[in-house]
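Residues per chain are reported as follows:
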Amino acid sequence: MRIRSEQLNPTVGDIDGNAEMILSSLNKAEQDNIELLVLPEMCLCGYPPMDFLERESFLTRIEEASLKIVKATGDTGLIFGLPTRNTSVGRSLFNSAILAQNGEVVRTVNKTLLPTYDVFDESRYFEPNRQIELTHFKGCKLALTICEDIWSNRNEFNYHTYDREPVIALAGAGADIIINISASPFSKNKPSFRREMLCNHAVKHRIPVVFANQVGANTEMIFDGDSLIIAPDGTIIEHTEMFKVGFVDADWNINTREINPVTNLLPKPTEPDQEVFEALILGLRDYFKKSGLSKQVILGLSGGLDSALTAVLATEALGRENVTAITMPSEFSSGGSISDSQVLADNLGIQLHTLPINDIYESFLKTLEPMFKGTEFNVAEENLQSRSRGVLLMAVANKFGYLLLNTGNKSELAVGYCTLYGDMAGGISVIADLYKTEAYTLSRWLNDSYYQKEIIPPAIINKEPSAELRHGQKDVDSLPPYPVLDGILKAYIEGQKGLKEIVDMGYDPDVTKRILNLVDRNEHKRRQAPPGLRVSTKAFGPGRQLPLAQGWKHEIS
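Everything numeric here is computed off the predicted structure, so don't read it as measured data.

Draft legend 1. Up close: the packing of aromatic side chains. Under the defined criterion, the tally for this structure stands at 14 aromatic pairs. Summarising the aromatic geometry, the rings of Phe332 and Tyr361 are spaced 6.5 Å apart at their centres and angled 75 degrees between planes, so their arrangement reads as edge-to-face. Within this pair, whereas Phe332 is found in the loop between β17 (323-327) and α8 (335-348), its partner Tyr361 is found in helix α9 (residues 358-372), the two being separated by 29 residues in sequence. The pair formed by Phe332 and Tyr361 is uniform in burial state, with each residue classed as buried. Taking 6.1 Å as the distance between ring centres and 65 degrees as the angle between the ring planes, the aromatic pair formed by Phe332 and Phe377 counts as edge-to-face. Linking Phe332 in the loop between β17 and α8 with Phe377 in the loop between α9 and α10 (379-400), this pair joins segments that are 45 residues apart in sequence. Phe332 sits in the buried class, given a relative accessible area of 11%. Through successive ring pairs, a cluster of aromatic residues spans Phe277, Trp445, Tyr450 and Tyr451.

Draft legend 2. Examining the pairing of strand β11 (residues 221-224) more closely. Side chains Met221 and Phe223 project from β11 onto one buried face, and the interleaved Ile222 and Asp224 project onto a second face that is buried too. In the sheet, strand β10 (residues 215-218) pairs with β11 via four bridges, with the strands oriented antiparallel. Counterpart to Val215 in the pairing with β11 is Asp224. Here β10 hands over to β11 after two residues, with Thr219 in that stretch at a positive phi of 55 degrees.

Draft legend 3. Geometry of the state of the cysteines. Across all of its chains, the model carries zero disulfides by this definition. Unpaired in this structure, Cys43 has its nearest cysteine sulfur neighbour in Cys45, at a distance of 8.4 Å. With no disulfide of its own, Cys199 lies closest to Cys147 among cysteine sulfurs, the gap being 17 Å. Relative accessible area serves as the criterion here: at 13%, Cys199 is assigned to the buried category.

Draft legend 4. Structural detail: the sheet that holds strand β9 (residues 209-213). Across the sheet, six strands lie side by side as β6-β7-β8-β9-β12-β13; this open sheet has mixed pairing. Two strands close off the open sheet at either side, each with one partner strand: β6 (135-137) and β13 (236-239). Ignoring which end each strand starts from, the neighbouring axes of this sheet average 20 degrees apart. For β6 and strand β7 (residues 140-146), the ladder comprises three bridges, and the chain directions are antiparallel. When the bridges of β7 are listed, Thr135 appears paired with Leu142. The strands that helix α5 (residues 190-205) touches are β8 (177-182), β9, β12 (228-230) and β13; relative to β9, the one it contacts most, it runs at about 155 degrees.

Draft legend 5. Region of the structure containing α8. Look at α8: 20 Å from first C-alpha to last across 14 residues, which is about the 20 Å you get at 1.5 Å a residue. Those residues of α8 that sit buried are Gly336, Ser337, Asp340, Ser341, Leu344, Ala345 and Leu348. The buried residues of α8 all sit within an arc of 155 degrees when viewed along its axis, so they share a single face. α8 presents Gly335 and Asp346 as exposed residues on the side facing more than 90 degrees away from its buried surface. Along its buried surface, α8 packs onto α7 (305-318), β17, β18 (351-354) and α13 (458-462).

Draft legend 6. Spotlight on the pattern of salt bridges. Throughout the structure, instances matching the rule amount to 33 salt bridges. Taking the shortest distance from any N to any O, the salt bridge between Asp251 and Arg2 comes out at 2.7 Å. Residue Asp251 is found in strand β14 (residues 246-252), and its partner Arg2 is found in strand β1 (residues 2-7); the two are separated by 249 residues along the sequence. Residue classification places Arg2 among the partly exposed residues on the basis of a relative accessible area of 28%. Where Arg4 meets Asp249, a salt bridge forms, and the shortest distance between an N and an O atom there is 2.7 Å. Residue Arg4 is located in strand β1, and its partner Asp249 is located in strand β14; the two are separated by 245 residues in the primary sequence. Asp249 matches Arg4 in its accessibility class, with the two residues each being buried.

Draft legend 7. Representation of the sheet that holds β18 within the structure. Strand order in the open sheet formed by five strands is β18-β17-β16-β19-β20, and the pairing between neighbours is parallel. If you trace the sheet from one side to the other, it starts and ends with β18 and β20 (428-429), each paired once. In terms of strand pairing, strand β19 (residues 403-406) meets β20 through two bridges, oriented parallel. Bridge pairing in β20 places Asn406 opposite Ser429. Strand contacts of helix α6 (residues 272-291): β16 (297-300), β19 and β20, with the helix running at about 155 degrees to β19, the strand carrying the most contacts. The sheet contacts of α10 involve β16, β17 and β19, and relative to β16 the element is tilted by about 165 degrees.

Draft legend 8. Broad picture of the nonpolar core. Counting residues in hydrophobic clusters, the biggest one holds 52 residues, and the most contacted among them are Leu284, Phe288, Leu344, Leu405, Leu442 and Leu446. Excluding residues within four positions of it along the chain, Leu284 makes contact with Leu313, Ala314, Ala317, Leu405, Ile428, Val430 and Leu533. Membership of the second largest hydrophobic core comes to 39 residues, among which are Ile15, Ala19, Leu39 and Leu114.

Draft legend 9. Representation of the packing of α6 against α7 in the model. Two elements in contact, α6 and α7, have axes separated by 9 Å at closest approach and are oriented at 65 degrees. The interaxial crossing formed by α6 with α7 has right-handed handedness. Across the interface between the two elements, Phe277, Leu280, Ile281, Leu284, Arg285 and Phe288 from α6 touch Leu313, Ala314, Glu316, Ala317 and Leu318 from α7. Here the contact of α6 with α7 is built from residues that sort into nine nonpolar, no polar and two charged.

Draft legend 10. Unusual backbone geometry, seen in detail. For the bond from Tyr47 to Pro48, the omega torsion is 0 degrees, close enough to zero to count as cis. Relative to the assigned elements, Pro48 resides in the loop between β2 (36-38) and α2 (56-72). Positive phi, close to 55 degrees, is recorded for Met50, a residue that is not glycine. A residue is classified by how much of its surface remains accessible, and Met50, at 51% relative accessible area, is exposed. One non-glycine residue, Arg257, adopts positive backbone phi at about 65 degrees. With respect to the secondary-structure elements, Arg257 resides in the loop between β14 and β15 (259-261).

Criteria and cut-off values
- Residues numbered from 1 in each chain as written.
- Predicted model: local features only at pLDDT ≥ 70, side-chain atom pairs only at ≥ 80, totals over all residues.
- Heavy atoms only, no water.
- Phe/Tyr/Trp six-rings, centres within 6.5 Å; stacked < 30°, edge-to-face > 60°.
- Helix = DSSP H or I, 4+ residues; strand = E, 2+ residues; numbered from the N terminus.
- Buried < 20%, exposed > 50% of the residue type's maximum accessible area, 1.4 Å probe, protein only.
- Pairing = 2+ DSSP bridges.
- Disulfide = S-S within 2.5 Å.
- Axes fitted to C-alpha atoms, helices over the stretch in contact; angles between N-to-C directions.
- Contact = heavy atoms within 4.5 Å.
- Expected span 1.5 Å × (residues − 1).
- Arc of directions from axis to C-beta.
- Salt bridge = Lys/Arg side-chain N within 4 Å of Asp/Glu carboxyl O.
- Core = buried A, V, L, I, M, F, W, Y, C linked by side-chain atoms within 4.5 Å.
- Left-handed = near helix turned anticlockwise from the far one by under 90°.
- Nonpolar A, V, L, I, M, F, W, Y, C, P; charged D, E, K, R; others polar.

None of this, on its own, says anything about what the molecule does.
Written out as structure tokens, the structure reads:
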């Protein structure tokens, strides 16, 4: 049996477009004499569909499109994912996989394990499958599973454990092959962890594994694809390129259980920085393509690292002709704010405009003088500069129909070292899930390995970080050095560790307590921040939910 695992890039809510994509894949598979085509989870409606699933018109369109797809099938068996209705007790929908052939539905399999943690909220919409059974196709017994069903109790972080193991149950029932359709999002180090998990299933049950994963991005979530076909001994024999649509084929002999590559696609191993880079490029590109908000972007270039890295990512994702930058110096700006920004813009081939904010800033101060008279210069005057820049950026964005890119990093967002209605403005935050130290690492990798020349000027990478909102200001005046800060933040945010645990790691108790309190107190800022592309296991946004009004105190008991 010739099997194809294909990763598609669906758009949430574009039922007609997604259906045409599926039909195109089916037509190609039939031309190539594929006997079983495996497509990703929820590929008909896109993942995650969220509260679209509560709209009757949305569900009706899915049913109409599904019927069209099923009727179009011929000899090639087609497996694809979609929501289906539950006509019995429980929630009104299932997360399902349909196996269709010769114009008919051969079998509908519903997802057993519904992830409801981090970015996943499937128990909000779906009823779990209660009866785990094999799927029969051309004399073969398929262990047809959907995403979490194969992860079971093997996730990177066990938010909870399941009392059911669908793959173990299906393998024990005599499955000949494991097939998993997924919408498994990317995070740093997840691809290698996921491959290991899938290979372990193949070895444990001594049968092949076919894995088809969604690729592309929908709002914050980025899907890497990374679809695989694995032999019973755990060898990956076919492997799609990450972050791109594509497919791989294999010939499977059910009698000997041998499975052999046909496409012969085994991409070169990728390093972590490359994966993050490609993920952010795909995330930004798909946000623009799928949201339809704009085809061009604008951003502020400060002469600092974060805006420089954002400019590089935007240029790679959208093309230099679609990126406009503005530098907005004040009396507190260093000479390099403009000159370093100009070097970067020239290296990237993007437009750079200069709009000084001195007059605007002085006008604000003059207007506020009756109320500010007799007070010391403080954060109010600092933030006026940031908000002046935000006003200018949004004015240009509105005038020409651009979308403003936010350039803030995760370290700043975590501790509130950013200005509401100022440098927090934007339609999408490109590096909001990269800590400052990670932004440095990625920038150096871009120069050294990707471009192999100095695209981001060394002066930008090497300068001491500063918001430049007062004379001689440095980030270390307000925060610990970034390696220390980021170590504490990673332990607290991704590691879910408390004050005592972090101090036991070697961090100063007073510094740690201050940082954790800053993180908690600035939740209100993050609620108002633009969506940020997710590349970690715990990003700010829908995957991290904390109350704004709360009285929790960090103490070492």
